[in-house]
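# Summary of structural features
Listed below, chain by chain, are the residues.
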Amino acid sequence: MMVAVPLRILFLTDQLSFGGAERHLVALATGLTARGHSVAVAGIKAGDDLLDALRQGGVERIACCNSRGGLDLAAIAALARIIDLEAPTVMVATSQYSLMFGVLARLRSRRPPALAFICHSMGMVQRGAGARLRFLIYRWFYGHADHLIFVSELQRAFFSGIGIAPARCTVVHNGVDLQWFVPRPPPSMRDKELLIGMCAVLREEKGHLDMLEALALLRSKGVPARLLLVGEGPMRAAIELCRDRLGLDDAVVLAGRQDDVRPFIAQCDVMVLTSHTETFPIATLEYMAMGKAVVASDVGGLREQLEHERNALLYPGGDVAALAAALVRCSEPALRARLGQQALHTVHQRFGIERMLERYELLLASLAQGRAACAPLSGAQA
């Protein structure tokens, strides 16, 4: 279903760097552009990693507020000017920081748009005292968004449990481009060696060290296996040290950041996600869309996309022995084939990007119409 009247949408992001929330932003911005809407993107801080992806998808109006961090008043004023220039009917913040800027800049704009906030994580509350303290400040801004969009039911329940339960909130699961991520012929056996793949930013919560420990355990059990890690990040040095300590220097390949992960996923026999915390990851959807067997930690909203023994093998997050045991099972080609086929069926039934785009389109259109209906009253009060 297409919205009859084209929307003017301004997306706000911390910066155009690589990450799950940022990739989701690119998918939304380019997808809604393809559906005929006028889309602009504003980065609060400088960053241009995703500029090419946005432009290739037809998004040409990309601005930067050049925030130096914190409550940068000059950057808030810059965003207010961008809002007045773009005149969006709806603004979409994709992080806590960009939400704060959106709320404050909207107060200074001549024609304030509707404001939605896509909440991608629960980590801002769960990652230690510092994160919780920052959240005490940010949560005020949650109440000043017109609508909160969560990416999993578990996430909505979590925020409701800590007192953030607005009447206007919606869950929209992430989606994957099923025309871009497609199955490829399975890899030929490499002397019966199992190639395990993982695509994730090299951050502590992604659990790369667990995967290295599990690989060592796997090989000690006589299963010939290697590991391919795609991604870059602050944990690279720690991962290299752990690899060398475990004697895995010839069994682990760090491929670095890749703009196109498909060739790397295609050559693997099984794909893993070993995170200690997740909400509703896009990486696993990409694995599923390419028909791969998936082994994933049973954390966050993973059970809203994966079902143990049906389309994936789930294990308790942080349990290295259970992870290794699941990978031993995946050395059986028949099990991998069954899990991969079921994963492919699930993602086509439930998590295609067009399904996600349609839900966002209808929701944002409703917000824009509601804001427009209030505009005369707001103008009279001003």
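Rules behind the numbers
- Residues numbered from 1 in each chain as written.
- Predicted model: local features only at pLDDT ≥ 70, side-chain atom pairs only at ≥ 80, totals over all residues.
- Heavy atoms only, no water.
- Helix = DSSP H or I, 4+ residues; strand = E, 2+ residues; numbered from the N terminus.
- Buried < 20%, exposed > 50% of the residue type's maximum accessible area, 1.4 Å probe, protein only.
- Contact = heavy atoms within 4.5 Å.
- Areas by Shrake-Rupley, 256 points an atom, 1.4 Å probe, with all protein chains shown as cover.
- Lys, Arg positive; Asp, Glu negative; His and termini not counted.
- Charge placed at Lys NZ, Arg CZ, Asp CG, Glu CD.
- Core = buried A, V, L, I, M, F, W, Y, C linked by side-chain atoms within 4.5 Å.
- Pairing = 2+ DSSP bridges.
- Axes fitted to C-alpha atoms, helices over the stretch in contact; angles between N-to-C directions.
- pLDDT = per-residue confidence, 0-100.
- Expected span 1.5 Å × (residues − 1).
- Arc of directions from axis to C-beta.
- Salt bridge = Lys/Arg side-chain N within 4 Å of Asp/Glu carboxyl O.
- Parallel < 35°, antiparallel > 145°, perpendicular 65-115°, else oblique.
- Left-handed = near helix turned anticlockwise from the far one by under 90°.
- Nonpolar A, V, L, I, M, F, W, Y, C, P; charged D, E, K, R; others polar.

## Regarding the overall build of the protein
Within the protein, the secondary structure is distributed over 14 helices and 13 strands. Its C-alpha atoms give the protein principal-axis dimensions of roughly 75 × 45 × 40 Å. In the protein, buried positions account for 53% of the 382 residues. Here the analysis covers contacts within the protein between residues at least 6 apart in sequence; of these, 72% occur between residues at least 24 apart. For the protein, the exposed surface amounts to about 16,600 Å²; the carbon and sulfur share of it is 54%. Averaging the positions of the 41 positive and the 37 negative side-chain charges in the protein gives two centres separated by 5 Å.

## Looking at the nonpolar core
In this structure, Phe11, Ile196 and Val295 are the most contacted members of the largest nonpolar core, which totals 97 residues. Tallying contributions element by element places helix α14 (residues 353–381) first for this core, with 9 residues. The residues touching Phe11, leaving out its near neighbours within four places in the chain, are Leu25, Leu28, Ala29, Leu32, Val39, Ala40, Val41, Ala42, Val92 and Thr94. If you look at the next biggest cluster of nonpolar residues, it comprises 36 residues, including Ile44, Tyr142, Phe150 and Phe159.

## Remarks on the environment of Leu218
For Leu218, the location among the structural elements is in helix α8 (residues 208–220). When its relative accessible area of 0% is taken as the criterion, Leu218 is described as buried. Put simply, Leu218 and Asp72 are 146 residues apart on the chain and 50 Å apart in space, counted from C-alpha to C-alpha. Beyond its immediate sequence surroundings of up to four residues, Leu218 is in contact with Leu194, Ile196, Val223, Ala225, Ala324, Leu327 and Val328.

## Examining the sheet that holds strand β11 (residues 270–273)
Working definition: the strands of a sheet are paired by backbone hydrogen bonds and lie parallel or antiparallel to each other. Taken in spatial order, the 6 strands make up an open sheet running β10-β9-β8-β11-β12-β13, and their pairing is parallel. Each of the sheet's edge strands pairs with one partner strand only, and the pair in question is β10 (252–256) and β13 (313–315). Strand-to-strand twist in this sheet, taken as the mean axis angle between neighbours without regard to direction, amounts to 20°. As paired elements, strand β12 (residues 293–297) and β13 share 3 bridges and run parallel to each other. The residue bridging Val295 from the neighbouring strand is Leu313, located in β13. Of the strands in this sheet, β8 (194–199), β11, β12 and β13 touch helix α12 (residues 320–329), which is tilted by about 165° from β13. Running at roughly 80° to β12, helix α13 (residues 333–350) makes contact with β8, β11, β12 and β13 of the sheet.

## What to know about the sheet that holds strand β6 (residues 147–150)
Sheet architecture is open: 7 strands sit in the order β3-β2-β1-β4-β5-β6-β7, paired in parallel fashion. Strand pairing shows two members of the sheet lacking a second neighbour, β3 (61–64) and β7 (169–171), which therefore form its edges. In this sheet, adjacent strand axes meet at a mean angle of 20° when their direction is disregarded. Where strand β1 (residues 8–13) meets strand β2 (residues 38–43), 6 bridges bridge the pair, whose relative direction is parallel. Bridge pairing in β2 links Arg8 to Ser38.

## Describing the environment of Gly256
Among the secondary structure elements, Gly256 is positioned in strand β10. Look at Gly256 and you get buried, because its relative accessible area is 8%. Sequence spacing of Gly256 and Gly197 is 59 residues, and the spatial spacing of their C-alpha atoms is 13 Å. Setting aside residues no more than four positions away along its own chain, Gly256 makes contact with Leu229, Val230, Gly231, Glu232 and Arg236.

## Some thoughts on the confidence of the model for the protein
Looking at the protein, the pLDDT average stands at 90 and 91% of residues meet or exceed 70. Low pLDDT (under 50) marks residues 374–382, which in the prediction has 1 contact with non-local residues, meaning those over four places away or in another chain.

## A look at α8
Spanning 13 residues, α8 covers 19 Å between terminal C-alpha atoms, matching the ideal 18 Å at 1.5 Å per step. Buried residues of α8: His208, Asp210, Met211, Leu212, Ala214, Leu215 and Leu218, and no others. Contact partners of the buried residues in α8: β8, β9 (225–230), α9 (236–245), β10, β11 and α12. Remark: Gly222 follows α8 within two positions and exhibits a positive phi of approximately 90°.

## Quick notes on α9
Among the residues making up α9, those that are buried are Ile239, Cys242 and Arg243. An end-on view of α9 places all buried positions within 100° of arc, on one side of the element. Away from its buried face by more than 90 degrees, α9 exposes Leu241 and Arg245. One or two residues past the end of α9 sits Gly247, with phi positive at roughly 70°.

## Here's the deal with the pattern of salt bridges
Evaluation of the coordinates by the stated rule reveals 21 salt bridges. Between Glu286 and Arg23 there is a salt bridge, and its shortest N-O distance comes to 2.0 Å. Here Glu286 is found in helix α11 (residues 282–289), whereas its partner Arg23 is found in helix α1 (residues 20–34), with 263 residues between them in sequence. When its relative accessible area of 5% is taken as the criterion, Glu286 is described as buried.

## Notes on the packing of α8 against α9
Angle between the axes and distance between the axes are the two parameters that describe a pair of packed helices. As a packed pair, α8 and α9 sit with axes 10 Å apart at the nearest point and diverge in direction by 15°. Between α8 and α9, the crossing angle belongs to the class labelled roughly parallel. Between α8 and α9 lies a crossing whose hand is right-handed. Packed against α8, whose contacting residues are His208, Leu209, Leu212 and Glu213, the element α9 presents Ala238, Ile239, Cys242, Arg243 and Arg245 at the interface. Of the residues that constitute the contact of α8 with α9, the class distribution is 5 nonpolar, 1 polar and 3 charged.

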